[in-house]
Amino acid sequence: MMNEENLRYAEFSLEYGTQAKALFEGKTTEITDAEARRQIESIMILGTANLTPEKQTRYNNLAGWMQANYSTAMAVMPDGRELPLDPDLTALMATSRDYLELKNAWKGWYEAAGRPIKDSYEEFVALSNEASKADGFNDTGEYWRSWYEEVDLEGVTEQLWIDLKPLYEELHAFVRRKLYDVYGPNYINLKGPIPAHLLGNMWAQQWGNVYDLVEPYPGKAGVDATPGMLDQGYDALKMFEVSEEFFTSLGLLNMTQEFWNFSMITKPADRDVVCHASAWDFYNQKDFRIKMCTVVNMEDLITVHHEMGHIQYFQQYAHQPIPFRGGANPGFHEAVGDTLALSVSTPKHLLEINLLDSVETDTEADINYLMSQAMDKIAFLPFGYMIDKWRWRVFDGATDKANYQSTWDDLRLQYQGIVPPVERDNTLDFDPGAKFHIPANTPYIRYFVSFVIQFQFYEAMCLEAGHQGELYKCDFYNSKEAGAKLAAMLQMGSSKPWPEAMQAIVGSNKMSTASLRRYFQPLTDWLHAQNVANGETVGWPEDTWRPMGFASPDGAPAFLEQYNSTSEVKLFEAVDAEWNYNVNINDQTQAASEAAGIALSNFQAEQAVGAKLFEPSEITDTNLRRQVEKISVVGEGALSDEDLAALSKVNGDMQTAYSTATYNGKPLDPDLTATMASSRNYNELRDTWKGWRDASGKLMREDFKTYVDLQNEVAVLNGFDDMGAFWRAAYETPNIEQQFEAVWQEMLPLYEQLHAFVRRRLYQQYGDKVINLKGPIPAHLLGNMWAQDWLNVYNLVEPYAGYTRPDATAGLQQQGWTAEKMFHEADDFFGNMGLIRAPQAFWDKTMFTKPTDRDVVCHASAWDFYNRQDFRIKMCTEINQQDFVTIHHELGHIQYYLQYMDQPTVFRDGANPGFHEAVGDTLALSVGTLDHLYKLDLIGKPDENPQSDINYLMSVALDKIAFIPFGYLMDKWRWDVFSGRSAKTNLNQAWWDYRVKYQGVTPPLSRTEEDFDPGAKFHIPNNVPYIRYFVSVVVQFQFYEALCGASGHVGDLYKCDFNGSTEAGKMFGDMLKLGSSVTWEDALEKMTGTREMSSASLVKYFQPLLDFLTEQNTKNNEVIGWPDYSWEPPTNTIQNEDGTVSLDNSGNMTKSSSMVLLLVAIQAVLKWAFE
Ligand SMILES: [Zn+2]
């Protein structure tokens, strides 16, 4: 049908057009009557009638096919549903707030509507151009532009757009922020373009459907007439009647009887139709129709006015000769109904026709109203502009088929600031074809023009109606004067050049954005203020950013292959530089290490951007998905270059301050550590304790605050509330904090019994002046700089003197063990279980002892260089049992590295950080057993009696149980600092609050906010999270029990030595091999059969000791806990020769007390001042 009609019309055009051409070609200027000349010129354009009949048929078939495809296309959803555009997809795009659902609908539609017609469109364009050339135009685009009788339509429209762009960009920035609040940083970049499917409309061309997300003043009465329409039982007919009534109120024409008889105003159920609303002129002066699949809502009410505006125009110019039955220009035709709709939409008018109950008239309500208008009118402008910018380039050949899609994407990005939610395939995709006007071949710049000039018309009619005040409040309902002004222009049809029609209504012959900008001025100001206040980036400078899920999941394997090969190199470089700094601290190595760290951060950030293009839920292979998720963590690279450099610097400075600090010229390792371990001189211990803190932590207090701010910035940029939350995310367990607390509560009784027992022994050692049996223990008396493990005071707290003492130190020293021998012995332990021995490179490159010629970071650590060959330890080994244990600990890290080295780099990590710490410790529990130490010839043959066993368990408890509260509070304190729960003015106080609360230790002398005692512990200046060690203590006993089971051990758990058990080795190796490729729960289950972190194994292990301690403490009537928690030891202490401490009450302070130092300082100042 369609083809036949078109051909008949073409025949008709051809007949008259050919005659006109024959008579007037090249001579139209000779026609003196202007109207007659315009008619002849119009008739002479033959269009497709220029083509051969075969080509005409082909042209019409292509047009028909493209339109048919558009009208019947269905989006195939992942669940198999097939959805048509109207009403399903349109409604889904308008109402869904589910990112992936919207994306699938968007993708489905663009594939179904666009792709199939891509080839046809190319052929269609060629035929169309051929026809236009025959009419004397260069191409069809030029022909279309000729309707505007404007020499430089492109220049004129570009200038209009330039005027409007600032307003659009303010709106874009504001809306983007609101979408960010809904969809989050994976999907919205606050400096980037907006994903095209989130704006409530399939083409992101009008955004009114997401008004609810962006409402400036939520709760203020809206201007949505939809509820009113539904309440009053509106249907399509009622909507058309209401619209007609508005026209007639202005003295304009009624719709004709034919209109009411033949229009299609709802979607028929029995057949396919073209739903896209349109208005039709049948050129017989009475038959005018609208075809529309009307839905009862305000948006469609406005559309009815729009379409009826066309009908009104048809009617008003029906008396004109056929060639003049058209809009003054195509934009005029589109603007008529919209002009009236601006009046209809005013709250005042909606109230008047009972579609609103009430109207608020304050500024906030006005801003809401203007926003709702802007979401349609302003949001549309760049779309209205870019469609034909694209098509003009297609017609003139600048964009060929190979570039259809990419040029379209470029223009959408450039003008609208939007990006497709999924990567487009430039060969297959043809997104322009998914917009009605492309397959329907309807020129589009008319809508852009309309959106500008309708405000000119509106202002002119408002003026005519006598409106005063703000333009956006004008309702010219019932104004016959306004109607007459409009009618005068409409009746001209296209008989005169459009500037004359413009002059007739506006009083000026130019298109201008002034009325539009005047209308929106209050909103423009408001948006600008909001955006400034929010620090928005207006525009989308990060225009290469794409949302998560942009990349097809099919690309994931290739991406990961690339990542895994390049990341090994990058990691090696960073680790190597960091190592060089650690084993030789100087300005050059610090700078090189910082630079390499920054380079790695930048690499990770860059790769994270690539990984984030994948939507994890779309990757079906769980291993690949997990890799992608891990790589997509940006980390510190999210910072600006400047901030990243600042963070690196502050980290480097804190590390160096810590590692080079000395007291009395002595470094922490080995000197101060040895003093803390072995001295029993109360005052000496206190001086050392204080001296270390003055030299280390105190110096970095300000740096630490800077560090906290920058770290939190990193966290926020990575989508976390603060860095504490970011750290906890490593455990992949939502309620991990509660799990930690629960485990702590389970172990608390054991700790309290140990604490009370040890406090009694210290009381016996130092006397009642400095130990309060109901209070916390002075922190410097426990054999360790941080009171974190108490093994070094074993000799003070030994349960049964004279029984086997589980101390290998004497044996190690007497038998001349070296650091290397200790390492080899530990390596043998791994090897004998069938685990992997440290490779030769390890022995060649490890730093076993402290060098004398340079500063090094002595804190023991194990290193993976990520090249599957190079693994090292760096340690200032001392020959004692504690370091023998530490060697096993560090070799445990090496073992983990070796086991998982064939995993992709992102999985070369512990199942959680605590697992990594637990490996070597688990083995050390076996190595430390009395039988094993005896086998190594480090102790004499152990007695087989309960007293020796209690001694042994006490030694383990002083290491493990004593540590637990310290392992817990380090990060509890840091989490509080990161979250702001602890104020920056109160850092040291908060630290000591936890030290007292959890450990039951108190500082030996009063502390102030001038001090920064947390900084005196390695992991604070070195930015190493600490809860891992707490986790490690718990899980190592779970591992230990599992390995003991595998080795066939029976009897008391604490006696188990799985030395040489290849069964145990296999069990451990199988878990370690997994690295972080599975969650820690999965890894734990594999080895222990449970998914829970549990202290049950630990409690079982220590049960005999707990019984012993409870019995002893009960016998001594010990107060369990430290109810005198605010007690502080005196400082006027004198060390007696018998080891006890007494007080100097003579008024002479001991030389070590801080008061004396203060007095000395004051005297020095005074002396200087008076000289
Ligand atoms: Zn470790």
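Quantities reported herein were computed from a predicted structural model and do not represent experimental measurements.

Structural notes on the overall build of the chain
- A count of helical and extended segments in the chain gives 45 helices and 14 strands.
- Counting only C-alpha atoms and orienting by the principal axes, one finds that the chain spans roughly 130 × 70 × 60 Å.
- Here the chain holds 1171 residues, and 58% of them are scored as buried.
- A separation of at least 24 residues holds for 77% of the contacts in the chain among residues at least 6 apart in sequence.
- A distance of 2 Å separates the average location of the 97 positive side-chain charges in the chain from that of its 162 negative side-chain charges.

Observations concerning the coordination of the zinc ion
- Distances from the zinc ion to its protein donors, namely H889 (NE2), H893 (NE2) and E917 (OE), fall within the range 2.0 to 2.1 Å.
- Positions of the donor residues of the zinc ion, expressed as sequence spacing, correspond to H-x3-H-x23-E. With H889 and H893 both in helix α35 (residues 881-899) and four residues apart, the pair spans about one turn of that helix. The exposure classification of H889 matches that of H893, with both residues buried.

A look at the state of the cysteines
- What the rule picks out here adds up to four disulfides.
- Between the sulfur atoms of C462 and its disulfide partner C474 the distance amounts to 2.0 Å. An S-S torsion of about -95 degrees defines the bridge between C462 and C474 as left-handed. Here C462, found in helix α18 (residues 445-464), pairs with C474, found in the loop between α18 and α19 (480-491); they are twelve residues apart in sequence, far enough to count as distant.
- Judged by relative accessible area, which is 0%, C474 ranks as buried.
- Linked covalently through their sulfurs, C1044 and C1056 form a disulfide whose S-S length is 2.0 Å.

Details of the pattern of salt bridges
- Evaluation of the coordinates by the stated rule reveals 55 salt bridges.
- Between D396 and R393 there is a salt bridge, with its nearest N and O atoms 2.9 Å apart.
- Taken together, the shared-partner salt bridges connect K107, E111, R115, R424, D429 and D431 into one network.

Overview of the domain arrangement of the chain
- Splitting the chain by domain gives domain 1 (1-218 + 380-434) and domain 2 (808-945 + 1026-1105).
- The straight-line distance from the C-alpha centre of domain 1 to that of domain 2 is 68 Å.

Regarding the UniProt feature "active site" (unreviewed entry) in the chain
- When the UniProt feature table is mapped onto this chain numbering, "active site" (unreviewed entry) sits at E307, H437, E890 and H1019. With a sequence span of 713 residues, these residues are also far apart in the fold, their greatest C-alpha distance being 78.1 Å.
- Mapped onto the secondary structure, H437 falls in the loop between β6 (418-419) and α18.
- If we ignore the near neighbours within four places in the chain, the residues touching H437 are H276, R391, T442, Y444 and Y447.
- Positionally, E890 belongs in helix α35.
- Apart from the residues lying within four places of it in its own chain, the contact partners of E890 are A860, S861, A862 and I873.

Things to note about the confidence of the model for the chain
- With 96% of its residues at a pLDDT of 70 or more, the chain has an overall mean of 92.
- The model gives residues 1150-1171 a pLDDT under 50, and that stretch makes 16 contacts with residues more than four places away or in other chains.

Topic: the UniProt feature "binding site: Zn(2+) 1" (unreviewed entry) in the chain
- Per the UniProt annotation, the sites labelled "binding site: Zn(2+) 1" (unreviewed entry) are H306, H310 and E334. Spatial clustering of the annotated residues is evident: they stretch over 29 residues in sequence, but the largest pairwise C-alpha distance comes to 7.2 Å.
- Along the chain, the position of H306 falls in helix α13 (residues 298-316).
- Every residue in contact with H306, bar those within four places of it in the chain, is listed here: E334, G337 and D338.
- Inspection of the secondary structure assignment puts H310 in helix α13.
- On the basis of relative accessibility, which here comes to 7%, the residue H310 falls in the buried class.
- Contact partners of H310, with chain neighbours within four places excluded, come to A279, H333 and E334.

Quick notes on the packing of aromatic side chains
- The full count for this structure, using the stated rule, is 103 aromatic pairs.
- Relative to Y415, the ring of Y385 has its centre 5.2 Å away and its plane inclined at 85 degrees; by these criteria the two rings are edge-to-face. One end of the pair, Y385, is in helix α16 (residues 363-395); the other, Y415, is in helix α17 (residues 404-416), and 30 residues separate them in sequence. Per residue, the accessibility class of Y385 equals that of Y415, and both read buried.
- Here the aromatic residues F704, Y707, W727, F963, F966, W973, F978, W991, F1012, Y1026 and Y1029 are joined through ring pairs into a cluster of three or more.
- Over the ring of F282 we find R289, and its NZ or CZ is 4.0 Å from the ring centre.
- Over the face of the ring belonging to F865 we find R872, whose NZ or CZ atom lies 4.0 Å from the ring centre.

Here's the deal with helix α24 (residues 622-631)
- Among all positions in α24, only R626, Q627, V628 and I631 are buried.
- Each element contacted by the buried residues of α24 is listed here: α22 (556-582) and α23 (587-611).
- One side-chain oxygen of the residue at the start of α24 lies 2.9 Å from the amide nitrogen of N623, identifying that residue as D621.

What to know about the packing of helix α25 (residues 641-660) against helix α28 (residues 701-717)
- Contact pair α25 / α28: the axes reach a minimum separation of 10 Å and the direction vectors enclose 140 degrees. Relative to α28, α25 is oriented oblique. Here α25 and α28 pass one another in a crossing that is left-handed. When α25 is examined against α28, the residues D643, A646, L647, V650, N651, D653 and M654 are found in contact with a partner set consisting of D703, F704, T706, Y707, L710, Q711, E713 and V714.
- Residue composition of the contact of α25 with α28, grouped by class: eight nonpolar, three polar and four charged.

Quick notes on α35
- Taking 1.5 Å per residue as the helical rise, α35 with its 19 residues ought to reach 27 Å, and the 27 Å between its terminal C-alpha atoms agrees with that figure.
- With 16 of 19 residues buried, α35 is to be regarded as a mostly interior element.

Brief notes about the environment of Q604
- Structurally, the position occupied by Q604 is in helix α23.
- Those residues in contact with Q604, other than ones at most four positions away along the chain, are Y563, L571, I631 and V634.

A closer look at unusual backbone geometry
- P87 follows D86 through a cis peptide bond whose omega is 0 degrees.
- Here P87 lies in helix α4 (residues 85-95).
- Residues D669 and P670 are joined by a peptide bond in cis, for which omega reads 5 degrees.
- Within the secondary structure, P670 sits in helix α26 (residues 668-678).
- Non-glycine residue A204 carries a positive phi angle of around 55 degrees.
- Position of A204 relative to the elements: it lies in the loop between β3 (194-195) and α9 (211-214).

Rules behind the numbers
- Residues numbered from 1 in each chain as written.
- Predicted model: local features only at pLDDT ≥ 70, side-chain atom pairs only at ≥ 80, totals over all residues.
- Heavy atoms only, no water.
- Helix = DSSP H or I, 4+ residues; strand = E, 2+ residues; numbered from the N terminus.
- Buried < 20%, exposed > 50% of the residue type's maximum accessible area, 1.4 Å probe, protein only.
- Contact = heavy atoms within 4.5 Å.
- Lys, Arg positive; Asp, Glu negative; His and termini not counted.
- Charge placed at Lys NZ, Arg CZ, Asp CG, Glu CD.
- Donors = N, O, S within 2.8 Å, 3.2 Å for Na, K, Ca; no water.
- Disulfide = S-S within 2.5 Å.
- Salt bridge = Lys/Arg side-chain N within 4 Å of Asp/Glu carboxyl O.
- Domains from an automatic or database assignment.
- UniProt positions renumbered as here; feature names shortened; annotations may be inferred.
- pLDDT = per-residue confidence, 0-100.
- Phe/Tyr/Trp six-rings, centres within 6.5 Å; stacked < 30°, edge-to-face > 60°.
- Lys NZ or Arg CZ within 6 Å of the ring centre and 35° of its normal.
- Polar contact = N/O pair within 3.5 Å; in protein donor to acceptor, adjacent residues only side chain to side chain.
- Axes fitted to C-alpha atoms, helices over the stretch in contact; angles between N-to-C directions.
- Parallel < 35°, antiparallel > 145°, perpendicular 65-115°, else oblique.
- Left-handed = near helix turned anticlockwise from the far one by under 90°.
- Nonpolar A, V, L, I, M, F, W, Y, C, P; charged D, E, K, R; others polar.
- Expected span 1.5 Å × (residues − 1).

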